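Okay, here's what each chain looks like letter by letter:
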Amino acid sequence: MPRALAATVDAVGAVAAADPEAKAAAAVGGGAVAGTQRKPPPDTASDACSTWVRRDTMDAPGGEPLSLDILITNVVCVFRTRCHLDLRHIALEGANVMYKRDEGKVLMKLRRPRITSTIWSSGKVICTGATSEEDAKIGARRCARCLQKLGFKIRFCAFKVVNVLAVCSMPFEIRLVDFTKTHRPIASYEPELHPAATYKIKSLSATLQIFSTGSITLTAPNVSLIAQAIEQIYPLVCACRKVT
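Cut-offs and rules
- Counting from 1, residues in each chain are numbered in the order their sequence is written.
- The predicted origin of the model limits local features to residues at a pLDDT of at least 70 and limits the giving and counting of side-chain atom pairs to 80 or more, whereas totals for whole chains, interfaces and linings rest on all residues.
- In computing side-chain values, all of the structure's heavy atoms are included and hydrogens and water are not.
- For the purposes of this entry, the term helix denotes a DSSP run of H or I that reaches at least four residues, the term strand denotes a run of E that reaches at least two, and both are numbered from the N terminus.
- Accessibility here uses a 1.4 Å probe with only protein chains present; expressed as a share of the type maximum, an area under 20% marks a residue as buried, one over 50% as exposed, and anything in between as partly exposed.
- Per-residue and other accessible areas were derived by the Shrake-Rupley procedure at a 1.4 Å probe size, with only the shown protein chains allowed to occlude residues.
- Patch members must show over 30% relative accessible area and no salt bridge, and they are joined within 9 Å when carrying like charges or within 5 Å when they are nonpolar side chains of Val, Leu, Ile, Met, Phe, Trp or Tyr.
- Salt bridge, as used here, is a side-chain nitrogen of Lys or Arg placed within 4 Å of a carboxyl oxygen of Asp or Glu.
- His is not counted, nor are the chain ends, whereas Lys and Arg count as positive and Asp and Glu as negative.
- Positions of charges follow a simple convention, taking NZ of Lys, CZ of Arg, CG of Asp or CD of Glu.
- Aromatic contacts are taken between Phe, Tyr and Trp rings whose centres are within 6.5 Å, Trp giving its six-membered ring; a plane angle under 30 degrees counts as stacked, one over 60 as edge-to-face, and the others as tilted.
- Consider the ring centre and the ring normal. A charge sits over the ring if Lys NZ or Arg CZ is within 6 Å of that centre and within 35 degrees of that normal.
- Nonpolar core, defined: a set of buried Ala, Val, Leu, Ile, Met, Phe, Trp, Tyr and Cys residues in which side-chain atoms within 4.5 Å join the residues together.
- Contact definition: two residues touch when any of their heavy atoms are within 4.5 Å.
- For this text, the term disulfide refers to a pair of cysteine sulfurs within 2.5 Å.
- A score from 0 to 100, pLDDT tells how confident the predictor is in each residue.

### Thoughts on the overall build of the chain
The secondary structure content of the chain amounts to 5 helices and 11 strands. Classification of the 244 residues of the chain by burial places 46% in the buried group. Counting only carbon and sulfur atoms, one obtains 51% of the accessible surface of the chain, whose full area is about 12900 Å².

The structure is reproduced here in structure tokens:
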């Protein structure tokens with residue numbers, strides 16, 4: 001299965017790092033998408049997924065499709081082992097682990113894929129740092145295999161992707177004050193506290209941090225909802241774009 005696909009139900013993108021504004025916003029924090037098309041994978045090691053939206057509200061002749069790259073920067077998943085885990089044994093015998101006794105957990109790091117697993121004695125494991133849903137599942141299974149090699153009777157179950165962090169850049173700047181006035185109370189903007197406006201889409205369980213530069217940071221339960229959120233927000237921010 002290729003790693004670079006369109007941002008639809010079976011689409012997963014990857015990117016090594018986000019821009020500085022996206023990282024600042026990150027600290028705060030299905031069905032096919034209508035009108036989407038596949039885009040050839042980039043020639044770089046870190047691929048990106050793409051979604052296509054109609055440029056009906058822009059001053060372009062014919063309203064031709066506009067390509068927007070959605071860069072997946074972090075995928076968080078969780079699974080259970082269905083057995084009790086001796087954290088002290090994992091800390092003594094395991095590789096690339098860090099025992100945090102005061103917090104009652106062990107951190108295990110993998111190189112390929114590059115993820116960090118947080119392990120509790122109850123058998124719950126949370127994996128972060130993957131850049132695609134596929135890598136998240138591969139990393140989770142490898143973590144379970146590492147625990148199995150330490151002598152635990154592991155049963156990999158209840159795997160679920162719980163959160164996806166993505167970044168998308170619009171081809172224009174956005175007037176955040178006008179955007180917030182138009183879409184209150186869903187949108188909020190406090191420039192004294194944070195440089196981005198917050199917009200929530202309850203139907204998709206998605207939260208968007210919108211910067212005046214056109215950069216948007218999104219969090220949603222999966223990649224498909226990320227793509228749908230971009231399609232919903234595009235005509236709204238396009239109506240408040242800065243005209244040069």
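### A closer look at a positive patch on the surface
Residues Lys 137, Arg 141, Arg 145 and Lys 149 make up a contiguous surface patch of positive charge. Considering the arrangement of structural elements, one finds Arg 141 in helix H3 (residues 133-149).

### Details of unusual backbone geometry
In this chain, Arg 112 is followed by Pro 113 through a cis amide linkage whose omega measures -5 degrees. Checked against the element boundaries, Pro 113 lands in the loop between strand E4 (105-110) and strand E5 (115-120). Each neighbour pair has its own omega, and for Arg 184 with Pro 185 the value is 0 degrees, a cis peptide bond. Within the chain, Asn 96 stands out as a residue other than glycine whose phi angle is a positive 55 degrees. Looking at the secondary structure, you find Asn 96 in the loop between helix H2 (87-93) and strand E3 (97-100). One non-glycine residue, Ala 158, lies in the positive phi region at around 55 degrees.

### A few points about the packing of aromatic side chains
Summed over the entire model, instances satisfying the criterion amount to 4 aromatic pairs. Here the aromatic rings of Phe 79 and Phe 156 are separated by 4.8 Å at their centres, their planes lie at 35 degrees, and the arrangement is tilted. Of this pair, Phe 79 sits in strand E2 (residues 65-80) while Phe 156 sits in the loop between H3 and strand E7 (157-169), and the two are 77 residues apart along the sequence. Ring geometry for Phe 179 against Tyr 199: centres 5.7 Å apart, planes inclined by 55 degrees, an arrangement best described as tilted. With Phe 179 in helix H4 (residues 176-182) and Tyr 199 in strand E9 (residues 197-201), this residue pair connects regions lying 20 residues apart in the sequence. Given the relative accessible area of 10%, Tyr 199 is considered buried. Taken together, the ring pairs connect Phe 79, Phe 156 and Phe 159 into an aromatic cluster. The positively charged end of Arg 141 is found above the aromatic ring belonging to Phe 156, 4.8 Å away from the centroid.

### Brief notes about the nonpolar core
Formed by 58 residues in total, the largest nonpolar core has its most connected members in Ile 90, Ile 119, Met 170, Leu 208, Ile 210, Leu 218 and Ile 233. When residues of this core are assigned to their parent elements, the largest contribution, 10 residues, is made by helix H5 (residues 223-238). Those residues within four positions of Met 170 in sequence are excluded, and the remaining contacts are Leu 68, Gly 214, Ile 216, Ile 233, Tyr 234 and Val 237.

### Details of the state of the cysteines
Under the definition given, this model contains 0 disulfides. Of all cysteine sulfurs, the one in Cys 127 lies closest to Cys 143, which takes part in no disulfide; the gap is 5.2 Å. Accessibility expressed as a relative area gives 0% for Cys 143, which makes it buried.

### Focus: the pattern of salt bridges
All chains considered together, the criterion is met by 3 salt bridges. For the salt bridge of Lys 105 with Glu 103, the shortest nitrogen-to-oxygen distance reads 3.0 Å. A relative accessible area of 18% means that Lys 105 is categorised as buried.

### Section: the confidence of the model for the chain
Taken over all residues, the pLDDT of the chain has a mean of 79, while the share at 70 or more is 73%. Confidence scores differ between elements of the chain, with helix H1 (residues 20-26) showing the lowest mean pLDDT of 39 and E5 the highest of 97. Taken as a whole, residues 1-62 scores under 50 in pLDDT and shows 148 contacts with residues more than four places along the chain or in a different chain.

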